[in-house]
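This is what each chain is made of:
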Amino acid sequence: MSTAPALAVVPHGAAVPRHVAIIMDGNGRWAKQRHLPRLAGHKAGVEAVRRVTRAARAMGIEALTLYAFSSENWRRPAQEVGDLMGLLRLFIRSDLAELARENVRLRVIGDYRAFTPDLVKLVDDAIARTAGNSGPLLVIALNYGAQAELAAAARRAAAKLPADQIDEAAIAAELETAELPPLDLIIRTSGEQRLSNFLLWQAAYAELLFVDTLWPDFDGEALAEAVAVFGRRQRRFGGL
């Protein structure tokens, strides 16, 4: 693993979001700008994950959710999907010890059991190894799609309750994020301005921040700047 860089910190007294989610976009464009293969961009993206997860812990963010592989990403070329799976294996094997040592709890949302059996076991073992930790949550979205999550939550709620008793709370209780803090901030890198089927229910009152920085260039300082923007916003939740 690379040596951790100095971490940017949020100014004392600034509001820090409890739960931050990031759509990590721009690996391919980062590689193209440098005349490198897309795999090089994904590798650089893994380094960004390391920087940002360390920075989030230093800032006191309780939960960090990263959109690593969407249910639509299967449409990419098989070689690229294989490369992404290989990088996931590498990240777990190389970084799990640090996560465990830093008291991080690893969670996964999405249907990761659609992956190969060896990768499923690797993920299961990583979750089990950190399950007893009491520190911040690192949530990885793997083979995740918000519309599928909502449909599944509705089915589970309907199996438990009469239709006239299914309300917002009943649906929320069946989401994969039910045990996480409410989502405060979604960041999307690379300049794109859409949610791409990510945490649609949870984003109802989250602050949205779209930045031009490509994901491999995102770091602790960029996260601190995003948190500072969050702290300057007035959250009314529909009130005055």
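What counts and what doesn't
Residues numbered from 1 in each chain as written. Predicted model: local features only at pLDDT ≥ 70, side-chain atom pairs only at ≥ 80, totals over all residues. Heavy atoms only, no water. Helix = DSSP H or I, 4+ residues; strand = E, 2+ residues; numbered from the N terminus. Rg over C-alpha atoms; globule rule 2.2 N^0.38 Å. Buried < 20%, exposed > 50% of the residue type's maximum accessible area, 1.4 Å probe, protein only. Contact = heavy atoms within 4.5 Å. pLDDT = per-residue confidence, 0-100. Phe/Tyr/Trp six-rings, centres within 6.5 Å; stacked < 30°, edge-to-face > 60°. Pairing = 2+ DSSP bridges. Axes fitted to C-alpha atoms, helices over the stretch in contact; angles between N-to-C directions. Parallel < 35°, antiparallel > 145°, perpendicular 65-115°, else oblique. Left-handed = near helix turned anticlockwise from the far one by under 90°. Nonpolar A, V, L, I, M, F, W, Y, C, P; charged D, E, K, R; others polar.

Undergrad: Before we move on, can you summarise the overall build of the protein chain with the specific residues and values?
TA: Helix and strand content of the protein chain: seven helices and six strands. Its helices and strands taken in sequence order, the protein chain reads β-α-α-β-α-β-α-β-α-α-β-β-α from the N to the C terminus. In terms of overall size, the protein chain behaves like a compact globule, its C-alpha atoms giving a radius of gyration of 18 Å where 240 residues would be expected to give roughly 18 Å. If you line up the protein chain on its principal axes, its C-alpha atoms span 55 × 45 × 35 Å. In the protein chain, which comprises 240 residues, the proportion classed as buried is 48%. Considering only contacts in the protein chain between residues 6 or more positions apart, those separated by 24 or more positions represent 79%.

Undergrad: Give me the confidence of the model for the protein chain: which residues, what numbers.
TA: Mean pLDDT over the protein chain works out to 93, with 93% of the residues at or above the 70 mark. Predicted confidence is poor over residues 1-6, with pLDDT under 50, and the contacts of this stretch with residues over four places away or in other chains come to 10 contacts.

Undergrad: Which residues make up unusual backbone geometry, and what values go with them?
TA: Note: most residues except glycine have negative phi, and most peptide bonds are trans. Of note, the phi angle at His 35 is positive, near 60 degrees, even though the residue is not glycine. Here His 35 is to be found in the loop between helix H1 (27-33) and helix H2 (38-59). A residue is classified by how much of its surface remains accessible, and His 35, at 76% relative accessible area, is exposed. At Ser 190, a position not held by glycine, the phi torsion is positive, near 85 degrees. With respect to the element layout, Ser 190 can be found in the loop between strand S5 (185-188) and strand S6 (207-210). Take Ser 190: its relative accessible area is 9%, and that puts it in the buried class.

Undergrad: With reference to specific residues and values, describe the packing of aromatic side chains.
TA: In the structure shown here, the tally under the stated rule is seven aromatic pairs. Here Tyr 67 and Tyr 144 contribute two aromatic rings whose centre-to-centre distance is 6.1 Å and whose plane-to-plane angle is 80 degrees, an arrangement assigned as edge-to-face. Of the two residues, Tyr 67 sits in strand S2 (residues 63-70) while Tyr 144 sits in strand S4 (residues 137-144), which places them 77 residues apart along the sequence. Both residues of the pair, Tyr 67 and Tyr 144, belong to the buried class. Geometrically, the ring pair formed by Tyr 67 and Phe 198 is stacked, given 4.2 Å between the ring centres and 15 degrees between the ring planes. Of this pair, Tyr 67 sits in strand S2 while Phe 198 is found in the loop between S5 and S6, placing the two residues 131 residues apart along the sequence. By the burial criterion, Tyr 67 is buried, and Phe 198 matches it. An aromatic cluster is present here, built from Tyr 67, Tyr 144 and Phe 198 joined pairwise through their rings.

Undergrad: Report on the pairing of S4, specifying residues and quantitative values.
TA: The buried fraction of S4 is high, at eight of eight residues. One ladder, built from seven bridges, connects S2 with S4; its direction is parallel. When the sheet's bridge partners are listed, Ser 70 is paired in S4 with Tyr 144. Here strand S3 (residues 105-109) pairs with S4 via five bridges, running parallel. Opposite Val 108, over in S4, you have Ile 140 as the bridge partner.

Undergrad: Help me get a handle on the packing of H2 against helix H7 (residues 220-232), residues and values and all.
TA: Two numbers describe how H2 lies on H7: the axes approach to 8 Å, and their chain directions differ by 45 degrees. The orientation of H2 relative to H7 falls into the category oblique. Of the two possible hands of crossing, H2 and H7 adopt the one that is right-handed. Residue-level contacts link Val 52, Ala 55, Ala 56 and Met 59 of H2 to Gly 220, Leu 223, Ala 224 and Val 227 of H7. Residue composition of the contact of H2 with H7, by class: seven nonpolar, one polar and no charged.

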